[in-house]
Amino acid sequence: MTDLTSLFTDLVRLETRLYNVLDARLKTEHGLPLGQFEFLRFLASRGTARVYDLAQWAAITVGATSKAVDRLEAAGRCRRIANPGDRRSSLIELTPAGTEILTAATPTVDAELVTWVGSVLPAENLEQLATMVSMLRQRAEADPRTDRAEPKAIPGS
């Protein structure tokens, strides 16, 4: 029987190491942290999104997401526009500079992933892994316990 705790540890350590190598290369070659790359990809795939949408997708707090969007906006990679469907929120969209850096950085990420994943696993195993990880992610995303909620104020503080 598979030791699920060891499997979990392997998944977490693998993710951490891959994140570190991708983040370092993107920063060195493009001046773009991996977290910003991921947000740019999300925005590019949807056209526009609210901060809340990004937070839900990334499973981080709305506050942390808003700060990340502030950094992207300060770098000229995205902009906030009025949300015609909800005047209380704004929509975020890529700027031409955001599209340009995403286009330049994508082959860098792809090359690193080929090195660390694609060159290690045969194609059929890679397909199976992708399917299984997607199934696990869908299961986790369907359960609200996996959401990253905003910290709640402690009564009396």
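One structure accompanies this document, and this report is about it.

Definitions and limits used
Residues numbered from 1 in each chain as written. Predicted model: local features only at pLDDT ≥ 70, side-chain atom pairs only at ≥ 80, totals over all residues. Heavy atoms only, no water. Helix = DSSP H or I, 4+ residues; strand = E, 2+ residues; numbered from the N terminus. Buried < 20%, exposed > 50% of the residue type's maximum accessible area, 1.4 Å probe, protein only. Arc of directions from axis to C-beta. Contact = heavy atoms within 4.5 Å. Pairing = 2+ DSSP bridges. Phe/Tyr/Trp six-rings, centres within 6.5 Å; stacked < 30°, edge-to-face > 60°.

This paragraph deals with unusual backbone geometry. Backbone geometry places A59, a non-glycine residue, at a positive phi of 60°. Along the chain, the position of A59 falls in the loop between α3 (51-58) and α4 (62-74).

It helps to recall that an α-helix has 3.6 residues per turn; residues three or four apart then point in one direction. Regarding α3, the residues found buried are V51, L54 and A55. Taken around the axis of α3, the buried residues stretch over an arc of 100°, which confines them to a single face. For α3, the elements touching its buried residues are α2 (34-46), β1 (48-49), α4, β2 (78-82) and β3 (90-94). Following α3 by one or two positions, A59 adopts a phi angle in the positive range, close to 60°.

The next thing to look at is the environment of R79. Positionally, R79 belongs in strand β2. For R79, a relative accessible area of 35% puts it in the partly exposed group. For the pair R79 and I92, spaced 13 residues apart in sequence, the C-alpha separation works out to 5.6 Å. The contacts of R79, once residues within four sequence positions are left out, are E73, L91, I92, E93, L94, T95 and P96.

All right, on to the sheet that holds β2 then. Reading across the sheet, the 3 strands line up as β1-β3-β2 and stay open at both edges, with antiparallel pairing between neighbours. Each of the sheet's edge strands pairs with one partner strand only, and the pair in question is β1 and β2. The pairing of β1 with β3 spans 2 bridges and is classified as antiparallel. Paired with A49 across the strands is I92, a residue of β3.

So, on to the packing of aromatic side chains. Per the counting criterion, the structure on display carries 2 aromatic pairs. With a centroid separation of 4.9 Å and 40° between ring planes, the pair formed by F42 and W57 is classed as tilted. On the criterion of sequence distance, the pair formed by F42 in helix α2 and W57 in helix α3 is long-range, its members being 15 residues apart. According to the relative accessible area criterion, W57 is partly exposed, its value standing at 28%. Members of the aromatic cluster, connected to one another through ring pairs, are F39, F42 and W57.

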